[in-house]
Amino acid sequence: MSAAAEGAWEGRYTYPTPPPGGWTADDLDRIPGLPPHTELIDGGLFFRSPQADFHRAALHLLENALAEAAPDAFQVVRGAAVRLGGRDRPEPDLMVVAHDARTGPGGTWYYPSDVVLTVEVVSEDSEWRDREIKPRKYAGARIRRYWRVEKNGAQPVVCVYELDPATRSYTITGIHHHRLELPEPFPVDIDLTAVRRRP
């Protein structure tokens, strides 16, 4: 892009200027004008692109199936973050948290100790974060389970990981192409091909 083209954008947008050392998890609720679902990773802000149809369909399928299967001790959460530390507050696409987990009436995030599962649906703008950065952060915070959802044609493929507590890293326990049948964190049996049959 030429300098002239870059200069044409000046004055059209206002971006928050980070403090020395970057933003903190507490700052995220106080920065004016942030778009919805802004994430904080290593003190930097990440903005989400609009979700593609596959992303929305896969989330819809998994959210409904998890909510239907979840016992009373758990709740399925969408649109909230998990506070992993002073400089990290990512927002998983889905989380399963303890039913009594609360951070106050205006709470926008959960403690990792209340989270039993995080789910990320990989999109073009999130590949690096969903495949590399977030799993490492979630494992470091001792979140026991992580599902990464990849697109294979029009169908989701779910890569299932479980925490190795000795190394505080994830170990893959299965790659599920057509059916996701698992006993933990509670029994689920999800027909992944149903994402193609939605109305």
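Residues numbered from 1 in each chain as written. Predicted model: local features only at pLDDT ≥ 70, side-chain atom pairs only at ≥ 80, totals over all residues. Heavy atoms only, no water.

Undergrad: Can you lay out the overall build of the protein for me, pointing to particular residues and giving the numbers?
TA: What the protein contains, in helices and strands, is 3 helices and 12 strands. In summary, the protein has a C-alpha radius of gyration of 18 Å against a globular reference of 16 Å for 199 residues, a match within 12%. With the principal axes as the frame, the protein shows a C-alpha extent of 55 × 35 × 35 Å. Put simply, the protein has 199 residues, and 45% of those count as buried. For the protein, restricting intrachain contacts to residue pairs at least 6 apart in sequence, the fraction spanning at least 24 positions comes to 52%. Of the roughly 10,900 Å² of accessible surface on the protein, 52% is carried by carbon and sulfur atoms. Across the protein, the mean location of the 24 positive side-chain charges is 1 Å away from that of the 29 negative side-chain charges. (Helix = DSSP H or I, 4+ residues; strand = E, 2+ residues; numbered from the N terminus. Rg over C-alpha atoms; globule rule 2.2 N^0.38 Å. Buried < 20%, exposed > 50% of the residue type's maximum accessible area, 1.4 Å probe, protein only. Contact = heavy atoms within 4.5 Å. Areas by Shrake-Rupley, 256 points an atom, 1.4 Å probe, with all protein chains shown as cover. Lys, Arg positive; Asp, Glu negative; His and termini not counted. Charge placed at Lys NZ, Arg CZ, Asp CG, Glu CD.)

Undergrad: Please provide a residue-by-residue account of the nonpolar core, values included.
TA: Formed by 27 residues in total, the largest nonpolar core has its most connected members in L62, L66, W147, L180 and I190. Taken together, the elements giving at least two residues each to this core come down to α2 (53–69), β5 (94–98), β7 (115–121), β8 (145–152), β9 (155–164), β11 (179–182) and β12 (188–191). Considering every element that reaches this core, the biggest residue donor is α2, with 8 residues. In contact with L66, not counting residues within four places along its chain, are V76, L94, V96, L117, W147, F186 and V188. Judged by nonpolar contacts, the second largest core, of 17 residues, contains V82, Y110, A139 and I143. (Core = buried A, V, L, I, M, F, W, Y, C linked by side-chain atoms within 4.5 Å.)

By themselves, these figures tell us nothing about what the structure is for.
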